[in-house]
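The lines below spell out each chain.
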Amino acid sequence: MSSPTPDQATNTHRIELLIGNLLRLGVIVSLTLVTLGTLVTFIGDRDRPDAASLDVLHLTQTRFPHTLTSVLREAAAFHGPGLVMLGILVLVATPVARVVAAVALFTAERDRIYIALTTVVLIMLVVSFFLGRVE
Amino acid sequence: MSPVEFTASVFGIALTAGLIGSLLGVGGGIVVVPGLALLLGVDVHLAIGASLVGVVATSTGAAAAYVRDGLANLRLAMLLEVATVAGALAGAVLANRFDQHVLFMIFGGLLVYASAAMFITQIRAKTDKPVPHDALADRLRLSGMYHDKATGKDVHYRATRTWLGLSVSLVAGLISGLLGVGGGILKVPTMHLGMRLPIKVSTATSNLMMGVTAAAGAGVFFARGQVAPLIAAPVAAGVLIGATAGSRFLPRIHSAWIRGAFTVLMVYVAFEMLRKGIK
């Protein structure tokens, strides 16, 4: 394998900066949604948590919305917990987007070993969302 | 405790975790999980699910800066992530098989190790010895360079013992998915002392990897319904704000006494965890 040319090096640096900005954007969007969701939860009567919603947090068998569709539906209805969960999903998706960017980076560099490695990581990340469901 | 007080308490724990984490270079999980489970009595599985979200937040916040400064080695991160993510999937599945006593016991054990490791990471790799040749590391192009702002010099480095790095990453990923921590306490000493990477590169790359690793674990916990909005929201916000404030305003260098105090605290929490595990 030859060492990267100066052209490739600037290209790599550009994509790295892009990845950095992508990460920052994901964090900002997520934090906004989480904060908004928390405000909606506590202001107004509809979503306000009561003693019972705290009690369930001490129980092992407690389950929360765990499908993309249910989260999107709740967020679209402007429910506080739904907006929070959408923010959490954006946050969790941000590193996944970084891996997608890495696949693109290594494809641009025609680096076959790393295209394979990053693709394997991406597949495992997608699998994670199904693994918890089949249990 | 009212819901508002509960949210404020979780936020406070997460803020502390973010601050300590950025000061000492550990993920916030080691503070968030005991804080939620021991202080607030939250179910340990829900505490781990929320903590994983917090680890993603810390890593993603810090990673942007590391990537910009060229400290994190992207190739190395992607290679080791194959191992950490595989480990995290296994760990997150296992977490549901164990009841809280077992998880408390393992967490207590991790804390005992972590307090010892706080001193190990202080040891610098001997730079006068040549880096042993590793054909795999060369083939995977793990060598790199970064600009050290403190000395104003470009630092070139080579990696070695790739298989050791991959093996420890697998264990670090397993622990991350199982207990909701970042696993940096396992990876950084191995990357620095074993793979012979500069400490700054080891820390930055480990932090970058934590985001992807914890995302895999968080994915499993979310799909299982073990990410609680009421806990995850203040954890994500608190850790993020704490970590940002910590890295902006407080210098890392003068953290010797914080490190000492934190080690004492970890030993105490380890004792509490093991006690709860046996009961």
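Conventions we followed
Residues numbered from 1 in each chain as written. Chains lettered and ligands numbered in written order. Predicted model: local features only at pLDDT ≥ 70, side-chain atom pairs only at ≥ 80, totals over all residues. Core = buried A, V, L, I, M, F, W, Y, C linked by C-beta atoms within 7 Å. Buried ≥ 20, exposed ≤ 12 C-beta atoms within 10 Å, placed from the backbone. Helix = DSSP H or I, 4+ residues; strand = E, 2+ residues; numbered from the N terminus. Contact = placed C-beta atoms within 7 Å. Pairing = 2+ DSSP bridges. pLDDT = per-residue confidence, 0-100. Expected span 1.5 Å × (residues − 1). Axes fitted to C-alpha atoms, helices over the stretch in contact; angles between N-to-C directions. Left-handed = near helix turned anticlockwise from the far one by under 90°. Nonpolar A, V, L, I, M, F, W, Y, C, P; charged D, E, K, R; others polar.

Novice: What should I look at first to understand the nonpolar core in this one?
Specialist: Here is a general trend for soluble globular proteins: nonpolar side chains tend to be buried in one another's company. Ranked by size, the top nonpolar core spans 132 residues in total, and within it A:I88, B:V53, B:I231, B:A232 and B:A236 carry the most contacts. Here this core takes 15 residues from helix α3 (residues 44-69) of chain B, the largest share from any one element. Discounting residues that sit within four places of it in the chain, A:I88 has contacts with A:V34, B:V53, B:V227, B:A232 and B:A236.

Novice: Can you help me understand the pairing of strand β2 (residues 153-157) of chain B in this one?
Specialist: Working note: regular strand, side chains alternate between the two faces of the sheet. Residues and elements named next belong to chain B. The buried fraction of β2 amounts to 0 of the 5 residues, a small share that puts the element mostly on the outside. In the sheet, strand β1 (residues 144-148) pairs with β2 via 5 bridges, with the strands oriented antiparallel. Bridge assignment links G144 to a residue of β2, and that residue is Y157. Here β1 hands over to β2 after 4 residues, with G152 in that stretch at a positive phi of 75°.

Novice: Looking at this structure, I do not really get the confidence of the model for chain A. What am I missing?
Specialist: Keep in mind that low pLDDT regions are not for reading the predicted coordinates in detail. Of the residues in chain A, 90% reach a pLDDT of 70 or more, and the chain-wide mean stands at 85. Confidence, expressed as mean pLDDT per element, reaches its minimum in chain A at helix α1 (residues 6-42) of chain A with 82 and its maximum at helix α4 (residues 80-108) of chain A with 92.

Novice: Would you explain helix α1 (residues 3-24) of chain B in this entry?
Specialist: Note on helix geometry: an α-helix contains 3.6 residues per turn, so any two residues three or four positions apart are oriented the same way. Its 22 residues place the ends of α1(B) 31 Å apart at the C-alpha level, agreeing with the 32 Å of an ideal helix rising 1.5 Å per residue. Three or more residues of α1(B) are buried, namely B:T7, B:V10, B:I13, B:A14, B:L15, B:A17, B:G18, B:L19, B:I20, B:G21, B:S22 and B:L23.

Novice: I tried to follow the packing of helix α8 (residues 184-194) of chain B against helix α9 (residues 199-223) of chain B on my own but got confused; where do I start?
Specialist: In a packed pair of helices, the relevant descriptors are the angle between the two axes and the axis-to-axis distance. Residues and elements named next belong to chain B. Relative orientation of the contacting elements α8 and α9 amounts to 145°, with a least axis distance of 9 Å. Here α8 runs over α9; the crossing is right-handed. Where α8 abuts α9, its residues G184, K187, V188, M191 and H192 lie against I199, S202, T203, T205, S206, N207 and M210. A class-by-class count of the residues in the contact of α8 with α9 yields 4 nonpolar, 7 polar and 1 charged.

Novice: Teacher, can you tell me more about the interface of chain A and chain B here?
Specialist: Interface extent is often summarised as the accessible area lost during association of the parts. Taken together, the contact pairs 54 residues of chain A with 53 residues of chain B. Among the elements that take part in the side of chain A that touches chain B, helix α5 (residues 112-134) of chain A stands out by supplying 15 residues, more than any other. When its residues are assigned to classes, the side of chain A that touches chain B shows 34 nonpolar, 14 polar and 6 charged.

Novice: I keep staring at unusual backbone geometry and nothing clicks. Help me out?
Specialist: Trans is the common state for peptide bonds, and a negative phi is the common state for residues other than glycine. Residue and element names in this part refer to chain B. Even without glycine at this site, R141 takes up a positive phi of about 50°. Topologically, R141 is positioned in the loop between α6 (135-139) and β1. Look at R196: it is not a glycine, yet its phi comes out positive at around 65°. Judged by the 22 C-beta atoms lying within 10 Å of it, R196 falls in the buried class.

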